[in-house]
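Coordinate inspection notes
Okay, here's what each chain looks like letter by letter:
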Amino acid sequence: MINNARIPAVVEAGRMAAMEQPVLGLPGGLELRPWHLSDAGALLAAAQDPAIRQWNRLVVETAQDARRRIEGMRERWGAELSAIWAIARPGEEAVGLIGWGDIDLAGGSAEIVYWILPAARGGGVVVEATRRVTAWALDELGLHRLRLCHSVANPASCRVAAKAGYSLEGTMRGALLHADGWHDEHLHALVQGDVRERDHHGAAAF
């Protein structure tokens, strides 16, 4: 028998738009905060960094392009499409980006995006930032399933996923077109309940 009952939205439309984007603390004196127009230089620098360009579709050629993209981040929060933070020290320019793209409130899912400038690499900053935005997405926004996808040729992101508690679910063949051609991608994911289950078994908590 077919059940014609309406499946409720995991997160009701309007919930995210009604929120003010929070500032989230990180260890080591860093924080996650909304992007400011004054961060345009950092965004432009990221678009010129070879490692960031290799794994991210970040096309920013001028400071004006960067400012437009930052304005777009604010608009996409209001449209409930993405939630993007700057990684920075209080009062200083951004050194990285992290957040959620492809947000589907009704379906309860999103995909993480991140990059970090060379001066801030090492020391586990991206892992801590991933844990923090994961906690926000699950506990504050109420999503159910979070994805972390990366080229199989990018082992650094594989380490981030593992340390942040994302399980490897498989390999997606020819999943993303990079500058050097199509790449297979690893699919990692974390769902509601994973964190509590890991905590119960003595694994590291977020």
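Our structure's up above, just so we're on the same page.
Thresholds, definitions, all that
Residues numbered from 1 in each chain as written. Predicted model: local features only at pLDDT ≥ 70, side-chain atom pairs only at ≥ 80, totals over all residues. Heavy atoms only, no water. Salt bridge = Lys/Arg side-chain N within 4 Å of Asp/Glu carboxyl O. Helix = DSSP H or I, 4+ residues; strand = E, 2+ residues; numbered from the N terminus. Buried < 20%, exposed > 50% of the residue type's maximum accessible area, 1.4 Å probe, protein only. Phe/Tyr/Trp six-rings, centres within 6.5 Å; stacked < 30°, edge-to-face > 60°. Pairing = 2+ DSSP bridges. Right-handed = clockwise from strand over helix to strand, strands pointing away. Polar contact = N/O pair within 3.5 Å; in protein donor to acceptor, adjacent residues only side chain to side chain. Contact = heavy atoms within 4.5 Å. Core = buried A, V, L, I, M, F, W, Y, C linked by side-chain atoms within 4.5 Å.

As for the pattern of salt bridges
Taken as a whole and judged by the stated rule, the model has 7 salt bridges. In this structure, Arg 68 and Asp 65 form a salt bridge, with 3.1 Å as the shortest nitrogen-oxygen distance. With Arg 68 and Asp 65 both in helix H3 (residues 63–78) and 3 residues apart, the pair spans about one turn of that helix. Note that Glu 111 and Arg 147 form a salt bridge whose closest N and O atoms lie 3.3 Å from each other. Of this pair, Glu 111 sits in strand S5 (residues 109–116) while Arg 147 sits in strand S6 (residues 145–151), placing them 36 residues apart in sequence. A relative accessible area of 23% means that Glu 111 is categorised as partly exposed. You can call Arg 147 buried: its relative accessible area is 15%. Overlapping salt bridges, with partners in common, bring together Asp 102, Glu 111 and Arg 147 in one network.

Notes on the packing of aromatic side chains
All chains considered together, the criterion is met by 4 aromatic pairs. Aromatic side chains Trp 77 and Trp 85 sit 6.1 Å apart centroid to centroid with 90° between the ring planes, which places their arrangement in the edge-to-face category. For the pair Trp 77 and Trp 85, one class covers both residues: buried. Seen in terms of ring centroids, Trp 77 and Trp 136 are 5.7 Å apart; in terms of plane orientation they differ by 40°. Their pairing is tilted. Here Trp 136 lies in helix H4 (residues 125–141) and Trp 77 lies in helix H3, a separation of 59 residues in the sequence. For the pair shown, Trp 77 and Trp 136 are each scored as buried.

Regarding the pairing of S5
Summarising burial for S5: 6 of the 8 residues are buried, a large majority. Linking strand S4 (residues 96–104) back to S5 in an antiparallel pair, the connection comprises 4 residues, with Gly 108 at a positive phi of about 75°. Across 3 bridges, S5 lies against S6 in parallel orientation. Paired with Glu 111 across the strands is Arg 147, a residue of S6. Crossover handedness for the path S5 to H4 to S6: right-handed.

Concerning the side chain of His 150
Here His 150 is to be found in strand S6. Residue His 150 is classed as buried on the basis of its relative accessible area, which comes to 4%. One polar contact links the side chain of His 150 to the main-chain carbonyl oxygen of Asn 154, over a distance of 3.4 Å. Each residue touching His 150, except ones within four places of it in the same chain, is listed here: Ser 157, Cys 158, Asp 184, Glu 185, His 186 and His 188.

What to know about the side chain of Ser 82
Note on placement: Ser 82 falls in the loop between H3 and strand S3 (83–88). In terms of polar contacts, Ser 82 uses its side chain to reach the side chain of Arg 76, at 3.3 Å. Residues in contact with Ser 82, not counting those within four places in the same chain, are Met 16, Arg 76, Trp 77, Trp 100, Gly 101 and Ile 103.

Some words on the nonpolar core
Leu 32, Trp 85, Ile 98, Trp 100 and Trp 136 are the most contacted members of the largest nonpolar core, which has 36 residues in total. When residues of this core are traced back to their parent elements, those giving at least two are S3, S4, S5, H4, S6 and helix H5 (155–163). Ranked by residue count, the leading element in this core is H4, at 9 residues. Counting 18 residues, the second largest nonpolar core, distinct from the first, contains Ala 42, Val 60, Ala 86 and Ala 94.

Side note on the pairing of S3
Summarising burial for S3: 6 of the 6 residues are buried, a large majority. Covered by surrounding structure in S3 are Ala 83, Trp 85 and Ile 87 together with Ile 84, Ala 86 and Ala 88, the residues of both alternating faces. Pairing of S3 with S4 involves 5 bridges; the strand directions are antiparallel. Its bridge partner being in S4, Ile 84 is matched across the sheet by Gly 99.

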